[in-house]
Amino acid sequence: MLYAENILFTAVMLIYFAAMMLFFVFVAVKKDIIAVIGKYLLLTGLLLHTAALICRGIGAERLPMTNQYEFATSFAWALCLVSLVFILKFRFSMLGVFTSPVIFLVIGYAAMQSKEVKELMPALRSNWLGFHVSTAIIAYGAFGVSFVLSLIFLLRGIMKDNGFFDQHIPKREKLDLISYRSVCLGLLFLTFTIVTGAIWAERAWGSYWSWDPKETWSLVTWLVYSVYLHLRLRRGWSGKSAAVFAVVGFLCVIFTYIGVNTLLPGIHSYA
């Protein structure tokens, strides 16, 4: 099964790359059919990616969510899933132009990690693993899409009038609303991540919170997005300020995921 997973993973990388190039061509030649093909390629990649994760789980005899490689490839999967949901729900093909490079970069990062299957340490042998990590994956995927939407919002403000972009990119008010919904989705799942992690930690180590670097930066990320929602709901924040805040929030996500593992080792260093 691990051999099958390697083949599927390679195929998925190629499909995501092809989808990214098609979306770039879509912008260059301005033919809607190319964006349609790009969407179907992303969907195909998502289905094969799902199959690869299933093969990984069967081959490793556990959930494929316990090391850098597995989390990174799952992160790319979540980015693709949330992107497709927003592309289809809002008929927003241009979103693929911006999300497909992020998806490809994340799965490219996964490809650089060790794929070795190791036995789980005792602390990870828990039913809480699936709840805790899967909610983190969805949260990161949603935050990634909100990051891309915020960048589009900021770029939309400096774009000159262009019939093609006006047709395929929603007005800034709608972009702001979609980004807000993506942040809400991400914050909901990040809350689940922190709560399930605390419960799991108490059962594994006898303490709900130990101020491990990963825990601390997860809390920082949660606070950043919570402030975003508070300012939006209570102070009527929207537009450019909210977009910049969402970008900063995603930088916290990236540091929590990559920076903490690289620079601040702790009890979460295995993930």
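None of the values given here were measured: they were computed from a predicted structure.

A. Representation of the overall build of the chain. For the chain, the count of helices and strands is nine helices and zero strands. The C-alpha radius of gyration computed for the chain amounts to 19 Å, which stays within 12% of the reference 18 Å derived for 271 residues, consistent with globular compactness. C-alpha atoms of the chain, sized along the principal axes, occupy 60 × 50 × 30 Å. For the chain, the residues scored as buried account for 51% of the 271 residues in total. Taking the intrachain contacts of the chain between residues at least 6 apart in sequence as the baseline, contacts between residues at least 24 apart amount to 79%. Summing over all exposed atoms, the chain offers an accessible surface of approximately 12900 Å²; the carbon and sulfur share of this is 68%.

B. Inspection of the pattern of salt bridges at higher detail. A full pass over the atoms with the stated rule returns three salt bridges. Residue Glu5 is joined to Arg56 by a salt bridge in which the shortest nitrogen-to-oxygen separation is 3.9 Å. With Glu5 in helix H1 (residues 2-29) and Arg56 in helix H2 (residues 32-60), this residue pair connects regions lying 51 residues apart in the sequence. For Arg56, a relative accessible area of 2% gives the class buried. Of the charged contacts in the structure, one is a salt bridge between Arg56 and Glu70, with a shortest N-O distance of 2.9 Å. With Arg56 in helix H2 and Glu70 in helix H3 (residues 68-89), this residue pair connects regions lying 14 residues apart in the sequence.

C. The arrangement of H1 in detail. Between its terminal C-alpha atoms H1 stretches 40 Å, which fits the 40 Å expected from 28 residues at 1.5 Å a residue. For H1, the secondary structure elements touched by its buried residues are H2, H3, helix H4 (95-111) and helix H6 (163-168). Lys30 sits one or two residues past H1 and shows a positive phi near 60°.

D. Examining the side chain of Thr256 more closely. Structurally, the position occupied by Thr256 is in helix H9 (residues 240-263). Here the side chain of Thr256 touches Thr221 through a polar contact of 3.1 Å, side chain to side chain. Reaching out from Thr256, the side chain makes a polar contact with the backbone oxygen of Cys252 at a distance of 2.7 Å. Apart from residues lying up to four places away in sequence, Thr256 is in contact with Tyr140, Lys214, Trp217, Ser218 and Thr221.

E. Structural view of unusual backbone geometry. Non-glycine residue Lys30 carries a positive phi angle of around 60°. We classify Lys30 as partly exposed; its relative accessible area is 43%. Even without being glycine, Arg91 reaches a positive phi, approximately 50°. With respect to the helices, strands and loops of the structure, Arg91 is situated in the loop between H3 and H4. Classification of Arg91 as exposed rests on a relative accessible area of 79%.

F. Up close: the nonpolar core. In this structure, Leu42, Phe71, Phe75, Phe92, Leu95 and Phe143 are the most contacted members of the largest nonpolar core, which totals 68 residues. Only H1, H2, H3, H4, helix H5 (128-156), helix H7 (172-205), helix H8 (213-235) and H9 provide two or more residues apiece to this core. When residues of this core are assigned to their parent elements, the largest contribution, 13 residues, is made by H5. Residues in contact with Phe75, not counting those within four places in the same chain, are Val106, Ile137, Tyr140, Gly141, Phe250 and Tyr257.

G. Here's a closer look at the state of the cysteines. Evaluated as defined, the whole model comprises zero disulfides. For the unlinked cysteine Cys80, the closest cysteine sulfur is that of Cys55, found at 17 Å.

H. Structural detail: H8. End to end, H8 covers 31 Å across 23 residues, agreeing with the expected 33 Å (1.5 Å per residue, within 8%). Along H8, the positions that sit buried rather than exposed are Lys214, Glu215, Ser218, Thr221, Val224, Tyr225, Ser226, Tyr228, Leu229, Leu231 and Arg232. A positive backbone phi angle near 70° is found at Gly236, which sits one or two residues after H8.

I. Region of interest: the environment of Phe143. On the secondary structure map, Phe143 appears in helix H5. Beyond its immediate sequence surroundings of up to four residues, Phe143 is in contact with Val183, Gly186, Leu187, Leu190, Tyr225, Phe250 and Val253.

Rules behind the numbers
- Residues numbered from 1 in each chain as written.
- Predicted model: local features only at pLDDT ≥ 70, side-chain atom pairs only at ≥ 80, totals over all residues.
- Heavy atoms only, no water.
- Helix = DSSP H or I, 4+ residues; strand = E, 2+ residues; numbered from the N terminus.
- Rg over C-alpha atoms; globule rule 2.2 N^0.38 Å.
- Buried < 20%, exposed > 50% of the residue type's maximum accessible area, 1.4 Å probe, protein only.
- Contact = heavy atoms within 4.5 Å.
- Areas by Shrake-Rupley, 256 points an atom, 1.4 Å probe, with all protein chains shown as cover.
- Salt bridge = Lys/Arg side-chain N within 4 Å of Asp/Glu carboxyl O.
- Expected span 1.5 Å × (residues − 1).
- Polar contact = N/O pair within 3.5 Å; in protein donor to acceptor, adjacent residues only side chain to side chain.
- Core = buried A, V, L, I, M, F, W, Y, C linked by side-chain atoms within 4.5 Å.
- Disulfide = S-S within 2.5 Å.

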